[in-house]
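Observations on chain architecture
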Amino acid sequence: MSVIGAIMDMASRAGKEARVAMEIITICGLGRNAATYLIDTYKVDAILGLHSLEEVLSVAEVGNEAQIPTLSLFDSVPQWALDRWPFLVQASPSQFTQTKAIVAILKSCEWSRFTFVYEDVNSASTQEVIPHLMEATEESNIKISSIVKLSPFASSFVEELERIKTEQCRVFVVHATLETGVRLFRNAKSMEMMEKGYVWITTSLFTDLLHTVNSSTFSMMEGVMGLGSFLPDTSSQFQDFSRKFQKRFKIEQPEEDNNMPGIFAAEAYDATWILASALTEKNTSGQKLLERVLSTSLGGNGITGEVQFVDRKPAESRIFPIINVIGKYYRELGFWSERLGFFEVINQTTNDTSLQNLGHIFWPGRPLHIPRGWDISTNVNLLRVGVPTMAMFKKFVEVKYDRDGNFTCIGYAIELFKEMVKQLPYYLPYEFIPFNGTYDQLVEQIYLKKFDAVVGDVSVLSRRYQHAEFTHPYTETGLVMVVPVAPHHGKWLFVKPFTLGMWSLTVLIHIYNGFVVWLIERKHSPELEGSALHQTGILLCLAFTRMFLASGDELHSNLTRMTAVAWLFAAIIIGQCYTASLTSMLTVRRLIPKVADFETLKNTNAVVGYGRGAHVVRYLEDVLHFKPKNIRSYTSPEEYAHALRSGEIAAVFLEAPFTKLFLSKYCRSFIAAGPTFGEGGFAFALQKGSPMLTDFTKALLNVSESGTLRYLEQRMIGSEHCVDLETFHDDYESLGLHSFWSLFLFTGGTSTLALAIYVIISLRNRYQSEGKSLVTVFSDVRRYFLYRKKRISRKVSDVESPKPPNTLEMT
C-alpha cells in the first residue's frame, strides 16, 4: 500500500482547501518535524503540500535525504532550491507572468507611473516579483514611482499610507496576502484613499482568496481591480469536483462562510491525482517514482487545465482573469493573455489591447471616466511655471512689466503652452513666475522645488536631466554657425550674362552688319557721306542705334532690308536672353559665407559670439574647443548684427529656431555656414518623475497634429519669415557662343550674301557703262591678282639677293 504524506498550514484558507481536495486520508502536520514523523512512522512514498517558502526549505532537505519526491503547492519555488534538492518538485504554475498583465492594464489606461506596495515576508513570491515587474516595465514607457514595503507584524499601515498620500501618484499595485491586504484597505478607507482619483490593483496573491471574504469587507474595497489565477470553472470536471468539495468542506470547516473551492483546492487536487497515478505501479518509489511523476501528464483532464512538468516545474500561467469589486462582492470583467490581450470569453480569437472593451469598470468613488492616476493638488494649489526674463529673441518669450510692477508673459512659447494645457483631459490651474538667471539655473529651480515646470526657449540637454525631465521638443533641433556674406557678383554684374567671346562676337557682328547697311545705302542717303571721320561715326551709330530707330521705309535697297531683318531678329533674341539672365542674377543673388567652417575660425584665432545665459558657451569650449578668450556674449539680435558687421566677431552660434529668425531679419547680410551641430531643440521642463510628463507630451503632439502649432508659428514668429537662404541654388553660367552660333551664322551669312550681291551688281553696272562684258570684268580681276602676286614674289627675292646699285628695274 502506497502512502502520501500531506504537510500544510491548517490555519490558512489555502491549507484548508488543499486538505479537503485530497482524495486520500492524510495526516496533517507542519514543518520539518511533521515530515520526519511521516517518513519514520508511516513510511510515506511522497510528501505533498508546502504552501510557503519556509515549509519548502525545511521539508525539502528531509525529503531529499530520504529520497522521497516532495511536491510543493507553493508557486514560486526558487530555482536554486530545485537545483539543490533533486527530489523537490513545484506542483503549482508560476504566476509571475501577471506582471505583464499589470503593465498592459496601465498602458491601456494611459498611466505612466505607479506605486508598488508589497508585503515584506521571507518569500520568493515577494522577492522575485519585483525583478519580474521591473523587467515588464522596461519594455514600455511605464515607470515605478516608488516601492512601499509593508510589515505583516505592524498593527497598522497608517505611516506608510500617509507617505504615499502626499505623493502625486495615485495608482497602487498591491502584492500582499489576504490578511495583510484587508488591513491595508481598511486603513486606506479610513484615510479617504478609496475615493475618486485613486486606483488600486491587486495581484493573484490577494485576489485568489477574495471568494472567502465577507460582504462587509467588500464594501470598504469598492473599485478595487484584481488579477487572479485562471480556473476553468465551467468544465464538467470542475463542476463534479466542486459539488464533492462543498459537501465535504462544509462538514470539516463549519466556521468558514464560503464553501466554494478556489485555485488552491484545484491545484492540490491535480497534484494528488498525479501522485496517485504514479503510484499505481507496484514497487514504485524513490527515483523511479519521481521520474514517473515528472512524466505524468493530465492533458486537458486536470481541474486547472493541462498539467505537464518541465524541469520539475509546470508551465507558467498564461491567462489571468480580471475582477472588479462592486458593492458587496466582485464580478469578473474578462481575461488577459500575452497573445490575445484583453478578451471577455475564453477561446476568443480577436486581439485587443484596450481594457475599456471589457465593459464599464467601477473605480474607487465611481468616477464617470478613467482616473488620471495622479493629483497635483497634493503639493501645490497652482502649477508654478518658471519663465526666463533674459530671453534674447522676444518673439519666443518675453516678460513685460508695467509702471506698477505687474508683469505679463507673451511670446510663441507662452501661447503654445496655453494651447497645450487646453488639450489636457483635466483642468490644470497655473501661474507664471519670472526668473532672472541663466537657463541652467532656471531648470535647476525645478529640482529645488521652486518651480513645477519651466516654459520658454529652454534647450533639451543631457546634463539638465539631473534636475528635470522634458517633453517632446516643439522646435527644430541643432546649433548653427552664422557668418557675414561675401557677394558673389560685384560692380561688373551687368556683363556677367554673356561670356567675353559672346560679347566680342556680338560687337563685331553689329559693326559688320552696320558696315554692310552703310555701304549699300550710302549712295541713296546724303547723310551717310562726308569725311572719313564723319562716316566712321555714322557707321558706329548705325551699327548700334540706327537700325532700332529707323523704319523699314527709310531703307532703299532690298539687300539692306534683308540684312536688317536678319539683324533685327538676332538682336531681339540676344537682347531678350541677356535681359532674362541679368534679371535672374539680380533677383536671386548668390551669397557666399566669408567663413566656410568653424575650423577656419579656430585656426585663425577668430572671435565668436553667443547669447548670454545660454548653454552654447559650454558647447563652444568643451566640444568645438574654442578658447574662452575668443568667446563673447551678447544680449540681443541687434548686438549680434552690429558685432558681425563691424568685424568685432567673425561668427555667432545660435540654436536652429533663433537662426531662422535672425536670418529672416538680416537675410541680405548674413548666412548660415558649416554643419549643424547636435542640440536637442526647445521643450517644456517638468519635475523628475512627474506623472504630467506623458500628458504634456501627448497634448503637445495633439497641438502639432491639429495644425495649431503651425498656425501659432506663422502668427507669432512668422512676421519676419522669409525663404531660407540655404535652400537657394544660384549656379548661373554666363551665356556663350555655343548657345548662339547658329543665330550669328544666320545674320552674318545674310549680311555677307547681301554684300556679295551688292558688289557683283556694282561691278556689272560699272563695266557695262564702259562697254565691257561681265566675262571681261572677271578676266581683268584675274590679271590684277596675278600681277599683285608677281610683285610680291619679286620683292621677296630682292630682299634675299640685293641687286647692284646701277641695275635697272623693269616696271
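No experiment lies behind these values; they were computed from the predicted model shown.

**Regarding the overall build of the protein**
Looking only at helices and strands, the protein features 27 helices and 27 strands. Sorting the 811 residues of the protein into buried and exposed places 48% on the buried side. Counting contacts in the protein only where the partners sit at least 6 residues apart, residues at least 24 apart contribute 72% of the total. Carbon and sulfur atoms make up 54% of the accessible area of the protein, which amounts to about 40900 Å² in all.

**A few points about the UniProt feature "transmembrane region" (unreviewed entry) in the protein**
Sequence positions flagged by UniProt for "transmembrane region" (unreviewed entry) are, in local numbering, residues 500-520, 532-552, 564-588, 666-686 and 740-763. Counting secondary structure, residues 666-686 comes out at 0% helix and 48% strand; the distance between its end C-alpha atoms is 35 Å.

**Thoughts on the pattern of salt bridges**
Tallying each qualifying case throughout the model produces 19 salt bridges. One salt bridge connects Asp240 with Arg243, and the closest N-O pair in it is separated by 3.5 Å. Residue Asp240 and its partner Arg243 are located together in helix 12 (residues 236-252), separated by 3 residues, close to a single helical turn. When the shortest N-O distance is used, the salt bridge between Lys660 and Glu713 registers 3.7 Å. With Lys660 in helix 23 (residues 656-665) and Glu713 in helix 25 (residues 708-716), the pair connects residues that are 53 residues apart, well separated along the chain.

**Let's talk about empty space enclosed by the protein**
All chains considered together, the criterion is met by 2 cavities of 30 Å³ or more. Space inside the second largest cavity adds up to approximately 40 Å³. When residues of the lining of the second largest cavity are traced back to their parent elements, those giving at least two are helix 17 (500-521), helix 19 (558-587) and helix 26 (741-769). When residues in the lining of the second largest cavity are grouped by element, the largest group, 4 residues, is from helix 19. Considered class by class, the residues forming the lining of the second largest cavity number 6 nonpolar, 3 polar and no charged.

**Side note on the sheet that holds strand 9 (residues 225-227)**
With respect to topology, 8 strands assemble into an open sheet ordered 6-5-7-8-9-12-13-14, the strand pairing being mixed. The sheet is open, and its two borders are formed by strand 6 (143-150) and strand 14 (341-343), each paired with just one other strand. Ignoring which end each strand starts from, the neighbouring axes of this sheet average 25° apart. Of the pairings in the sheet, the one linking strand 9 to strand 12 (residues 319-326) comprises 3 bridges and is antiparallel in character.

**Structural notes on the sheet that holds strand 27 (residues 685-686)**
Backbone-to-backbone hydrogen bonds join strands into a sheet, with any given pair of strands oriented parallel or antiparallel. As summarised here, the arrangement of the 5 strands in space is 18-15-19-27-20, forming an open sheet in which the pairing is mixed. On the outer flanks of this sheet lie strand 18 (430-435) and strand 20 (469-470), each paired with one strand and no other. Pairing of strand 15 (residues 383-388) with strand 18, which is carried by 6 bridges, proceeds in the parallel orientation. Note on strand 18: the bridge partner recorded for Pro388 is Phe435.

**Section: the environment of Leu333**
Relative to the helices and strands, Leu333 resides in strand 13 (residues 329-337). We classify Leu333 as buried; its relative accessible area is 4%. For the pair formed by Leu333 and His360, sequence separation is 27 residues and the distance between their alpha carbons is 8.7 Å.

**Side note on the pairing of strand 7 (residues 171-175)**
For strand 7, the buried fraction is high: 5 of the 5 residues fall into the buried class. Burial along strand 7 is two-sided: Val171, Val173 and His175 and Phe172 and Val174, pointing in opposite directions, are all buried. Here strand 5 (residues 113-119) pairs with strand 7 via 4 bridges, running parallel. Bridged to Thr115 within strand 7 is Phe172.

**Some points on helix 15 (residues 412-422)**
Buried within helix 15 are the following residues: Tyr412, Ala413, Ile414, Leu416, Phe417, Met420 and Val421. The secondary structure elements touched by the buried residues of helix 15 are strand 15, strand 17 (407-410), strand 18, helix 24 (692-705) and helix 25.

**Points about the confidence of the model for the protein**
Within the protein, residue pLDDT values average 79, and 80% of them lie at 70 or more. Per-element mean pLDDT across the protein ranges from 51 in helix 2 (residues 31-42) up to 95 in strand 8 (residues 199-202). Throughout residues 27-32 the model reports pLDDT below 50, and contacts reaching past four residues in sequence, or to other chains, amount to 22 contacts. Ignoring residues within four places in sequence, the model shows residues 806-811, a span with pLDDT below 50, making 2 contacts including any to other chains.

**A few points about helix 24**
Here helix 24 spans 20 Å end to end across 14 residues, near enough to the 20 Å set by a 1.5 Å rise per residue. Along helix 24, the residues that are buried comprise Met692, Leu693, Asp695, Phe696, Ala699, Leu700 and Val703. Down the axis of helix 24, the buried side of the element spans an arc of 160°, and every buried residue falls inside it. Looking at the buried residues of helix 24, the elements they touch are strand 15, helix 15, strand 20, strand 27 and helix 25. In the segment just after helix 24, Gly707 is the residue with positive phi, at about 90°.

**Topic: the packing of helix 1 (residues 13-21) against helix 12**
At their nearest, the axes of helix 1 and helix 12 sit 9 Å apart, and the two run at 115° to each other. Read as a crossing pair, helix 1 and helix 12 show a hand that is right-handed. Where helix 1 abuts helix 12, its residues Arg13, Lys16, Glu17, Arg19, Val20 and Ala21 lie against Phe241, Phe245, Arg248, Phe249 and Glu252. Classifying every residue of the contact of helix 1 with helix 12 by side-chain character gives 5 nonpolar, no polar and 6 charged.

**A closer look at the environment of Lys698**
Mapping Lys698 onto the fold places it in helix 24. On the basis of relative accessibility, which here comes to 41%, the residue Lys698 falls in the partly exposed class. For Lys698 and Leu424, which are 274 residues apart along the polypeptide, the C-alpha to C-alpha distance reads 8.5 Å.

**Here we look at the environment of Pro69**
Within the fold, Pro69 resides in the loop between helix 3 (53-65) and strand 3 (70-72). The buried category is assigned to Pro69, whose relative accessible area is 0%. In this structure, the C-alpha to C-alpha distance between Pro69 and Phe87, residues 18 residues apart in sequence, is 4.8 Å. Residues contacting Pro69, with those up to four places away along its chain left out, are Asp45, Ala46, Ile47, Phe87, Gly286, Leu289 and Leu290.

**Here's the deal with the packing of aromatic side chains**
Here the structure, examined in full by the defined rule, presents 41 aromatic pairs. Seen in terms of ring centroids, Phe393 and Phe658 are 4.4 Å apart; in terms of plane orientation they differ by 15°. Their pairing is stacked. With a gap of 265 residues between them, Phe393 in the loop between strand 15 and strand 16 (398-401) and Phe658 in helix 23 connect regions that are remote in the sequence. Classification of Phe393 by relative accessible area gives buried; the value is 5%. Residue Phe658 is classed as buried on the basis of its relative accessible area of 4%. Ring pairs connect the aromatic residues Phe393, Phe396, Tyr412, Phe417, Tyr430, Phe432, Tyr474, Phe658, Phe682, Phe684 and Phe696, which therefore count as one cluster.

Rules used throughout
Residues numbered from 1 in each chain as written. Predicted model: local features only at pLDDT ≥ 70, side-chain atom pairs only at ≥ 80, totals over all residues. Heavy atoms only, no water. Helix = DSSP H or I, 4+ residues; strand = E, 2+ residues; numbered from the N terminus. Buried < 20%, exposed > 50% of the residue type's maximum accessible area, 1.4 Å probe, protein only. Contact = heavy atoms within 4.5 Å. Areas by Shrake-Rupley, 256 points an atom, 1.4 Å probe, with all protein chains shown as cover. UniProt positions renumbered as here; feature names shortened; annotations may be inferred. Salt bridge = Lys/Arg side-chain N within 4 Å of Asp/Glu carboxyl O. 1 Å grid on protein atoms, 1.4 Å probe; cavity = no way out; pocket = protein on both sides within 12 Å on 5 of 7 lines; lining within 4 Å. Points joined across faces, edges and corners; volume = space filled by probe spheres on them. Nonpolar A, V, L, I, M, F, W, Y, C, P; charged D, E, K, R; others polar. Pairing = 2+ DSSP bridges. Axes fitted to C-alpha atoms, helices over the stretch in contact; angles between N-to-C directions. pLDDT = per-residue confidence, 0-100. Expected span 1.5 Å × (residues − 1). Arc of directions from axis to C-beta. Left-handed = near helix turned anticlockwise from the far one by under 90°. Phe/Tyr/Trp six-rings, centres within 6.5 Å; stacked < 30°, edge-to-face > 60°.

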